[in-house]
Amino acid sequence: MSQPPAEKPSAPPVNILPSQLARIYSFVHPALLLALAASRFEAVVTNPVQELLNDLPWLALLQLFYVILCVPPAGSLETTSSGDNEEKKKASPRSPSAPRPGKSGHRRKQASGKNVWAGLWARLMPALLSVTLTTFIATPVLAALLVLFGAPLTTHNAETVLCAAHMAFLSASSLVYAHGTDGLVWKEVWGIARPADAVWGGALGTGLGAWFGAIPIPLDWDRPWQAFPITILAGAYIGYAAGSLISRTPFLYGKRVQFVPEVIEEDDKKTN
Amino acid sequence: MASKSQKGPMGSTAPNSDQINVRAAEQSKQSAIQEQKARELENEFKTKHFGVMGVLTWILDPGIRKSTRHMGDVQREKLKTDCGGSCRLLHIAGIYFFTKGFLLTRMVLDNKSSCQELPFDITSGSQHAPAPSNQQANGCWHQKSFDKAVVIIIDALRYDFTVPFVPKEESETAHLFHDNIPVLYETSINSPANAFLLPFIADAPTATLQRLKGLTTGTLPTFVDAGSNFAGTAIDEDNLVAQLHSAGKTLVQLGDDTWQALYPGYFDANLTRPFDSFNVWDLHTVDNGVNEHLFPLLRPENKSKWDVIFGHYLGVDHAGHRYGPNHAAMASKLQEMDRVIRDIIAALDDDTLLVVMGDHGMDIKGDHGGESDDEVEAALWMYSKRGTFGRTSSESLLPPKNAKERPIPQIDLVPTLSLMLGIPIPFNNLGSPIEEAFAGPKGNDWANLATVSRLTAAQIKRYQAAYEISRGGADDEESLSLWSAAEAEWKSGSKSFTSKSTAVRSSYELYRKYQRHTLDVCRGLWTTFDVPSMIQGVALLFGGIALLVLYARGMRNDRTELSSQLLSFVGVGSGAGAALGSVLSLFGFTEMSTIDLSVFLAAVGSMAGSAVVMVKKPANLTIPLPNGMWGWLAVFFTVSQSVGFASNSYTIWEDEILLFFLTTFGVCAGISSMRQKTTTDRVLGVYHSVLFVILGRLASFSRLCREEQMPFCRSTYYASSTSSISAPWQLGIPFAVAFFLPAVIRSFYSGSKSYEGAATLWISYAFRFGLLITSIFWMLEGADDGEWLPVSKETLKTVRVFLAQLVLAIAFAAGTGAYIYSKPCISISVNKPPEDPNAPPAPIIAGQEQKPRTTVTILGFGNMYGTRFFFLVINFALAIILMQKPMGQGAIALLVWQILSLLEILDTNALTLSNSPIGPIVLGLLGSFYFFKTGHQATPSSIQWETAFIPLSTIKYPWTPIFVVLNTFGAQILAALAVPLTVLWKRPLQTSDRVAADASASSKGAKSANPATRLLSDVTQAVATHTLYLATINLATTMWAGHLRRHLMLYRIFSPRFMMGAGVLAIVDVVLMVFAVGGVRWSTLSVGEIFGW
């Protein structure tokens, strides 16, 4: 059976932009999200639908702010993703301090003054695309997955959709922003075969976290927070934060989930 | 995948034409050798097949001793030859030992005591019944002391709540639950003739339902006794309530609605007010409701409306569950109860007896169900304004300071209340009359005490006699001597007939001794978990699993080669074990009975023997750890589910968890499929993964909720949650199944061009015809229920039975015959030049074609083994679908579809030939999942007994149980039958020549083994893996049930799940061995017949 299907060149792992601000914020962002989620937890328990709906625009804005600030937009890497990714994978293991060739080129382009507007445009377009696709594709797909995993179909529809929307903005928005509609990348995404990076780690973490978040629901503890979407979303947020940070450690960065040869216990459980 | 070669242009052309003439002479000789070799290989396959069946029998199933229950004689003969008459069961032995220790059984006799018939009539015959004329007026067996009674049950009223707090140590201070309900103690001290207070010891399980049964029948609770009443349905045994009812008393029940379930129809419908007992968080609704309706009844103007009131307060119990005993809420609740009792006393008249009692206690956390002291020590208080109570000695003047002094068992209430109210003692009673109630105000009415004691003892003796008649066995000597001594004293005492006569007094004491002795004997028989036996059972099951792990996952070589050795070692081991067992027990080294010890040691010995065989060649062993994602996923599913059974929540919600796991598998399959290199594999794999997930979710809409799932679950299996018939629209499901299911199966067959040969007839005609008859059957059933047709019910029933039997005949009689003789699903067309060879479909052997330029095209070549074997699944699917309700038929159809989808997933992800454990494990999940989707739950009450009457109009053995099994475990049976398919589906044809050719081509060294036995080995591995899943689940549920034997939910959740696990394991073991592995024999033979060996 196939190894990680790396036979064709695909996009390399995403690096956080090299600017100081971007690097700092990329660490702050998951923590910030978690802190905000924790602060709204009580409100979500009290009135899930209203609160999740209210929080959604803020989550979307935060995620957009994060990707625009920290993640190279789709297209910016295309120049580099042509042939040398194999070598890049080796070289890349975590050296954000040493700007990588593709990135520096991008920086230069942006720094060349004249193209400020073009640079902004290059970031706004993927951002817009990201919001659109996340809302209209990722959210329905995730909602369907939630239902397939056992979320109620006849009731709690608002909860399901909002839960899916939150998960979508956690996972898909940065993926779309960073990779656009690159078919190869998305094939890898569906095959859980992307190399680990902040964007992919966050997405995978969201799914895994949501999966584990379902575990406490059936227990008879009679706690209000055991209601349907809450634990799943809590798991998703925690998974996102953990995933996007852990996947950047030198030990994991650039590695892919292996299905057959090696034993990687939980990483392959699922996507939700 | 290699197996994708759906249309193999197999034969191709002959090799070198110049060699043909040279070879012509050798041809016949070679073909003779070939033939002989083929025969040898075939025989080898057959022998090894028997060997494998023998091994499986040993692991799975009954050996000689228990096999009678499960198998026909033919099968047993076969086994005897296989394992030399010495094989033993592992699973059955393990389950047997555990069950022996765990399931306490007691026969329920439905004899009733009657007013006319005194208990002496049978036992001694010396006394004749009193004149029946004034019987009703004065009491049946004994002069009644009260006309009316108010029986108040304060749920979980522990004894130490009711007595003044006495510190055991200096530093100990009173808790919040102390000294808050002083009325009981005060009255007993202040006016001993009016009241007495005693510790009132419950028998475990201390759950209200079981307690009420004990308190009214006077007998001990045991598992099976509880098991017959899981739904809380009516008590069959003779009991106080029924006796009161038949004595013409008007009974009123207020409070806890458990009474309604236990004694339906006995209570006066106008005055009775049951309240939901479920909501533990609500402390006041039930209590306020009881108060509201109780006090009006106590007013003088309402006196004539009732005779006995049963008032059941739940507040104390709920306060305990919610807050625990040491909480202000408990204090105020107890104070409230104190006021209530004082108010009742104030309202009481002289002819009414007041009884206040707890049905059990509570532990330090306020919960109950187990057997700890705090849980069993309740309080009993009786009160009357007339002052009839007495104490026989001055030491008993004060109420006991704690529950260790002068406790009485709760069943004592039964004879006491019966005799006080003048009704017969319920037949099954084992309790004794309470001394204080009959001793008279001066405490010296020995004649009365002796009389009531004699009555009670005689009834106990009569019960024991009846019990022994039905069960066999004899009275023990001590009871007999006690009884005759008591009778002797009674006779001598009755001559003098003074209350103070010592003979009367000693006869009373001897009767009482007799009663207590009998109670002890019965308690010993019925209510003790035999923990060593349970441990032995668990140890056997565990050992069996360890061996299975080794056998299924830890062996590199051909499993079939081991069979004969394995079986002989197993035989020697078990023989030695059995011999050792009998010797040990003959010389009295152990307490166990000879048979038990022999069985146990035989099982241990056989395991040791097999372990020796398997470990003998370490080179053959690998570490049975999973490798790769699929292996870990399989382990994860099995282990996490097993661990989950320790929690009542995960046991209750098993159906949803299985869906979650199945979807997880589907998603993983989709992911894995996305990684496949070839587009076909990718597309097909993803398609089937998506299909698999959607089908599972679709099936999950068929639900039958268990009580504990409410209110988060809505039943859809029947027309409504309160009915057990199908809605009219559901009658359309069988027709849809008849229309779609054959088409679905056909599409999977066509995928590999296997819709050839017998498949057409089988799937599109026979199967569909059977399904259509099934739909008509259920349509008629619906017509019967709804009375749509102007036909008598008898006619409808006759027609239905005929139709059902016809379907079963198609499925099993015709189906099995056809299965044995059918050809594989292939079509062979031979394109050749005009000159005709004599044997067109000659064995296709490389280099052996007789004529040049002959092209043989074989359709369906890529999936010969799989499609041929799948016929068996179709046969069973037809029978199982017939046995399901319409909703369940849809579910089974989805199961068949999901199985096919799973097989395609396995194939596109290259998991069939690599012997991955995931296939058999997911089939295990599917079987369990669809068990729930066919309207079942892990509760005995969800067994659809009525389905036994689908193909029969009366009960017929052995058919009736078989039909119920087909209905109940249909999903698991179907999934088990599909297990061989996980290695057979799209398995490429392997004959010895082809393998040899492959081997030499790839120069890997000759693979000496017969490929057919390799196939057998793979099948065995898959079957063993599937068994491993079920055995692990069984071990887990067994262990948890044993470990949690004091759990409140034991009888509701853990025991039923354990029984279900054991039942599934036993049944699937038989199905796997007899049908699945047996079926492989015929399908492989039929392929071998055409393509050689």
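Fair warning: this is a prediction, and the values are worked out from it, not measured in the lab.

With that out of the way, let us pick up the overall build of chain B. For chain B, the count of helices and strands is 40 helices and eleven strands. For chain B, the residues scored as buried account for 54% of the 1093 residues in total. In chain B, the share of contacts with a sequence separation of at least 24, taken over all contacts with a separation of at least 6, comes to 78%.

Residues and elements named next belong to chain B. As for its placement among the helices and strands, lysine 100 is situated in helix H4 (residues 91-102). Residue classification places lysine 100 among the partly exposed residues on the basis of 16 C-beta atoms within 10 Å. For the pair lysine 100 and aspartate 412, spaced 312 residues apart in sequence, the C-alpha to C-alpha distance is 29 Å. When sequence neighbours within four positions are dropped, the list of residues in contact with lysine 100 reads Asp530 and Ser533.

For the rest of this paragraph, the subject is the environment of valine 639 of chain B. Take valine 639 of chain B: it is sitting in helix H25 (residues 628-644). Expressed as a C-alpha distance, the spacing of valine 639 of chain B and threonine 1032 of chain B, which sit 393 residues apart in the sequence, is 7.9 Å.

Residue and element names in this part refer to chain B. Mapped onto the fold, arginine 746 is located in helix H29 (residues 732-751). Given 18 C-beta atoms within a 10 Å radius, arginine 746 is considered partly exposed. In this structure the C-alpha to C-alpha distance between arginine 746 and threonine 678, which are 68 residues apart in sequence, comes to 25 Å. Beyond its immediate chain neighbours, meaning those up to four positions away, arginine 746 contacts Tyr755, Ile763 and Ser764.

Residue and element names in this part refer to chain B. Contact pair helix H36 (residues 970-977) / helix H40 (residues 1050-1091): the axes reach a minimum separation of 9 Å and the direction vectors enclose 35 degrees. Note on packing geometry: the crossing formed by H36 with H40 is right-handed. Judged by residue contacts, Gln972, Ile973, Ala976 and Leu977 of H36 engage Val1064, Ile1067, Val1068, Val1071, Leu1072, Phe1075 and Ala1076 from H40. Considered class by class, the residues forming the contact of H36 with H40 number ten nonpolar, one polar and no charged.

Glancing now at the pairing of strand E7 (residues 352-357) of chain B. Residue and element names in this part refer to chain B. Where burial is concerned, most of E7 is hidden: six out of the six residues are buried. One ladder, built from six bridges, connects strand E2 (residues 148-154) with E7; its direction is parallel. Bridge pairing in E7 places lysine 148 opposite threonine 352. Here E7 pairs with strand E8 (residues 377-383) via four bridges, running antiparallel. When the sheet's bridge partners are listed, leucine 354 is paired in E8 with tyrosine 383.

The next subject is unusual backbone geometry. Residues and elements named next belong to chain A. The phi torsion at histidine 156 lies on the positive side, around 55 degrees, for a residue other than glycine. For histidine 156, the position within the fold is in the loop between helix H6 (116-148) and helix H7 (157-179). Here histidine 156 falls in the partly exposed class, since 19 other C-beta atoms lie within 10 Å of it.

The next thing to look at is the nonpolar core. All names here are of chain B. Counting residues in hydrophobic clusters, the biggest one holds 260 residues, and the most contacted among them are Leu878, Ile892 and Leu974. Ranked by residue count, the leading element in this core is H40, at 21 residues. Leucine 878 has contacts with Phe767, Gly770, Leu771, Val807, Ile810 and Ala811, leaving out every residue within four places of it along the chain. By size, the runner-up hydrophobic cluster in this structure holds 116 residues, among which are Tyr263, Val355, Ile423 and Tyr508.

What counts and how
Residues numbered from 1 in each chain as written. Chains lettered and ligands numbered in written order. Predicted model: local features only at pLDDT ≥ 70, side-chain atom pairs only at ≥ 80, totals over all residues. Helix = DSSP H or I, 4+ residues; strand = E, 2+ residues; numbered from the N terminus. Buried ≥ 20, exposed ≤ 12 C-beta atoms within 10 Å, placed from the backbone. Contact = placed C-beta atoms within 7 Å. Axes fitted to C-alpha atoms, helices over the stretch in contact; angles between N-to-C directions. Left-handed = near helix turned anticlockwise from the far one by under 90°. Nonpolar A, V, L, I, M, F, W, Y, C, P; charged D, E, K, R; others polar. Pairing = 2+ DSSP bridges. Core = buried A, V, L, I, M, F, W, Y, C linked by C-beta atoms within 7 Å.

Read these as layout, nothing more, since geometry by itself doesn't imply function.
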